[in-house]
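Here is what each chain is made of, one letter per residue.
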Amino acid sequence: MSALLEVRDFHVSYGAIKALQGFSLSLEEREIVSVIGSNGAGKSTFMNAVMGMVARDRGEAFLDGRKLPARSFQVVRSGLSLAPEGRKIFAPLTVLENLQIGAFSRAKQSGARADMEWVFYLFPRLKERVRQLAGTLSGGEQQMLAIGRALMARPRVLLLDEPSLGLAPIVIRDIFNELRRVNEEGVSILLVEQNARQALLLSHRTYVLQTGRLLKEGPSKTLLTDPEIKSAYLGKGQAP
Amino acid sequence: MGNAAQFTEFSTLFQQVVNGLSLGSVYALIAVGYSLVYSILSFSNFAHGGFLVVGGYICYGLFTGFELNVFSRHLLTVPAGSVWLAGLGALGGAGIVAVLTERLAYKPIRERTSMTLYLLIASMGVSIIIENIFVIAVGGRFRALPQSMFPSGLYNLGWGVTASSSDVLSLTCAVLFLGGLQFFLTQTRWGLAIRAAACDLRTAGLMGVNVSLLIAIVFFAAGLLAAVGGVFLSYRYTLYPQMGGITTKAFVAAVIGGLGSLPGAIVGSLILGLAEMLTTGYVSSQMRDLVVYSLLVLMLLVKPAGFFGKPVSDKI
Ligand SMILES: Nc1ncnc2c1ncn2[C@@H]1O[C@H](COP(=O)(O)OP(=O)(O)OP(=O)(O)O)[C@@H](O)[C@H]1O
Ligand SMILES: [Mg+2]
C-alpha cells in the first residue's frame, strides 16, 4: 500500500453546492489513471482541489507518503503539475515564454533546457513556433503547449483536465499518443475526461465519478466492456 | 523680421516640448506603477497617490534631518543632507508602505471575494487615511524640498531653449527607472511571472509562482516608482498631504494609453505632459485641466480601450 499519489475522502463545496462528497483515488508509480464523468460531475473540482486551487472541506492527499501542501505553488514544487481545463495558456506571451514559465518552480534552471528539447521532441510543431504568440496557435497546438508547459515543471505526476476538449479526432489521437510516450518516460499521469472512450483506451485504471461520488472503479479494459459504462458514457463515440 | 519671429515661435514651441516631456516623465513614473497593479489585480488603486506622498515626506524628513516634527528630532538623529540616503529611504519606505497597504487592506478582501469593486472602495479609504496621517503628524502646510538637494543651473539646449537641471535629472531618472522596470519585466524570471500573472493570475499560481509574493513585489515596485515621482514633484513644486491628488492625471494618462499596458502608460503620460505644457504656452495655464479632461473624454468616446489596452468592458 504505497501508492505514489493517494487522495482520501475529498469533500469540496461551493456555497450550498456540494461538488465532491467523499472521493478517494490512488495512483501508482508509472501508472495512468483516468477519471471519467459527465458535465458537472466534479472532475475539474477534484483536480483543482488536488492542486490547491480550491479549498476542501475535508480530505487529505499524499505524495510518496508525504502530505501534500495546501498552496498551489507548493504543490507544484512537490511534484505535481496540471494542464488545466480550457488550456489556460498565456496568450500574450510567446510559446517559448509559456514553456519557460512552466519551469518557474525548478531550483535549477539548467535542467529546464533539456526538458524543453524533450517537449519539442514530443511536439515538434511547438518548436517551429517558439517565437509566435501563444494566443495565435491553433486549438490543438495550444493544448500541446499546455501539456508541454506542465511538463516543464518535471512533475512526478502530470495532471490533465480534458485535454481532448474541442479538438478534432485526429488531433486527439496525436496528443494521446504523445501522452503514452510521456508515461513511458516515467511520468505518472492522472487524466480527467468527458471523452470516456479515449480515456479508457489510454489509461490503466479508471474511476467513474457521478455527482461528486465514486460510481465505479476498475481496470480500464474491464470498464470498456462494462454494459452500464457502455450505455452511459460510450454511447455514440467514434470507433477507436 | 520674419526670421526673428519664426525663431521665437520655434523656441517657444521647443521650450514647451521640453517642459512637457519633463512633466510627462513624472506622470509616467506614477502611471506605470498604477497600471502595473491594475494589470495584476484589475482594480484602480486610488491609494497610489498616497505612496508618492509617503515618498515625498520620507525624502524631506531624511534630507532635512527631521525638521518635520519637534519630537522626532530627538528620537532620530539621521545625518541630514545626504541626497542618496534621503532618496533611497523614500523609495524603499514608499515600497514598504505599498506592500503593507496590500497586506492589511486588500489581501483580506481578495481572499473573501473576487469582486474588485470592494478593492476599489478600500483603496479610496486607504488614500484618505494616508493623507490624514500626514495632516495629523506633520501638519497640512506646504513645504518644498530644499533647493540645495539637487544641483541647480540651466542647460542651454540652443535656439534659446533651456532645461533646468532638475528637468534633466527627472527625465534621466524616469528613463533609468522605466528602463529598469522594462529590464526586470522582460529579462528576469519574476518579470516573466508578472507578465504571466497580468494575463491570468490563477494560472500563474499553477506554474509554481507564489502569487502572494508576486503581488507584494508588484506593490513594492509600484510604491517605489511613485516615490521617484513624489520626490521630483516635491522638489519642483510643493510637498503637502494632498499632493497625491496629482495621481488623477496619471490615471488619465494610463486610461489614454490603455489601462494595464505599460507602454500605454508611458505614451499616455508623455501625451498628457505635452498637451498640458503646450496649452500653457499657447493658450493659458488655466486651460490645462480642461484640455486634459477633454482629451480623456475624447479618447473614451473614440477608442475606449486606449492606445494599447485590451478591450475590457469595466474600467476604473
Ligand atoms: N466556482 C464555482 N462556483 C460555484 N459552483 C461551481 C464552481 N465551479 C464548479 N461549480 C459547480 O460544481 C459542480 C462540479 O463542477 P466541475 O467543474 O468540477 O465539473 P466537471 O466534472 O469538471 O464538468 P465538465 O465536464 O463540464 O468540465 C457543478 O455543479 C458546478 O456547477
Ligand atoms: Mg471540468
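By convention here, each chain's residues receive numbers from 1 onward along its written sequence. A letter from A marks each chain and a number from 1 marks each ligand, given out in the order of writing. A pLDDT threshold of at least 70 governs which residues receive local features in this predicted model, and a stricter bar of 80 or more applies before side-chain atom pairs are shown or counted, although totals over entire chains, interfaces and linings include all residues. To obtain the side-chain values, all non-hydrogen atoms of the structure were included, while hydrogens and water were left out.

Undergrad: Would you mind going over the overall build of chain B in detail, with residue names and values included?
TA: In DSSP terms, a helix is any run of H or I states spanning at least four residues, a strand is any run of E spanning at least two, and both are numbered starting from the N terminus. Scanning chain B for helices and strands turns up twelve helices and two strands. Across chain B, helices and strands are ordered from the amino to the carboxyl terminus as α-α-α-α-α-β-β-α-α-α-α-α-α-α. Computed over the C-alpha atoms, the radius of gyration of chain B is 20 Å, within 12% of the 20 Å expected from 2.2 N^0.38 for a compact globule of 316 residues. In terms of its C-alpha atoms, chain B occupies a principal-axis envelope of roughly 70 × 55 × 35 Å. Type-normalised accessible area, obtained with a 1.4 Å probe on protein chains alone, sets the label of each residue: buried when under 20%, exposed when over 50%, and partly exposed for intermediate values. Residues classed as buried in chain B amount to 50% of the 316 residues present. Accessible surface for chain B amounts to roughly 14,200 Å². Of this, 69% is attributable to carbon and sulfur atoms. The sign given to each residue is positive for Lys and Arg and negative for Asp and Glu; His and the chain ends receive no count. In plain terms, the charge of a residue is placed at NZ if it is Lys, CZ if Arg, CG if Asp and CD if Glu. Within chain B, one finds 16 positive and 10 negative side-chain charges whose respective centroids are separated by 8 Å. For this measure, only C-alpha atoms enter the radius of gyration; the expected value for a globule follows 2.2 Å times N^0.38, where N is the number of residues. Note on areas: Shrake-Rupley, 1.4 Å probe, and residue coverage restricted to the protein chains presented here.

Undergrad: Tell me about the interface of chain A and chain B, and name the residues and values.
TA: Contacts are assigned to residue pairs that have any heavy atoms within 4.5 Å of one another. With 24 residues of chain A at the interface, the matching set in chain B holds 18 residues. When two parts are brought into contact, each loses some accessible area as probed by a 1.4 Å sphere; the total of that loss over both is the buried area. Counting each side, the surface lost to burial between chain A and chain B is near 1,900 Å², with a carbon and sulfur contribution of 69%. The largest share of the area that chain A buries against chain B comes from A:M53, A:F90 and A:F104, three residues that together contribute 36% of it. When a carboxyl oxygen of Asp or Glu is within 4 Å of a side-chain nitrogen of Lys or Arg, the pair counts as a salt bridge. On the surface where chain A and chain B come into contact, there are one salt bridge. Its salt-bridge partner being B:R195, residue A:E97 comes within 2.9 Å of it at the nearest N-O pair. Side-chain atoms alone can form a polar contact between residues adjacent in sequence; in general such a contact is a pair of N or O atoms within 3.5 Å, and within protein one must be able to donate a hydrogen while the other accepts it. For the pair chain A and chain B, the interface holds four residue pairs in polar contact (both at pLDDT 80 or more). Those elements that provide at least two residues to the side of chain A that touches chain B are helix 2 (72-78) and helix 3 (95-102) of chain A. Residues are sorted three ways: Asp, Glu, Lys and Arg are charged, Ala, Val, Leu, Ile, Met, Phe, Trp, Tyr, Cys and Pro are nonpolar, and all the rest, Gly among them, are polar. Along the lines of polarity and charge, the residues of the side of chain A that touches chain B split into 13 nonpolar, five polar and six charged.

Undergrad: Go over the coordination of the magnesium ion (ligand 2), please, and point to the residues and values.
TA: Coordination of the magnesium ion (ligand 2) by the protein comes from A:S44 (OG) and A:E85 (OE), over a distance range of 1.9 to 2.4 Å. A residue pair is termed long-range when its members are at least 10 positions apart, and A:S44 in helix 1 (residues 43-50) and A:E85 in the loop between strand 6 (80-83) and helix 3 qualify at 41 residues. Water is absent from the atoms considered, so a metal site may look incomplete; donors are defined as N, O and S atoms within 2.8 Å of the metal, or 3.2 Å for Na, K and Ca.

Undergrad: Run through the pairing of strand 2 (residues 17-27) of chain A, naming residues and quoting values.
TA: Residues and elements named next belong to chain A. Bridge analysis of strand 1 (residues 5-14) against strand 2 gives eight bridges, and the strand direction is antiparallel. Its bridge partner lying in strand 2, V12 is registered against L20. Pairing between two strands is assigned when DSSP locates at least 2 bridges connecting them. Here strand 1 hands over to strand 2 after two residues, with G15 in that stretch at a positive phi of 60°.

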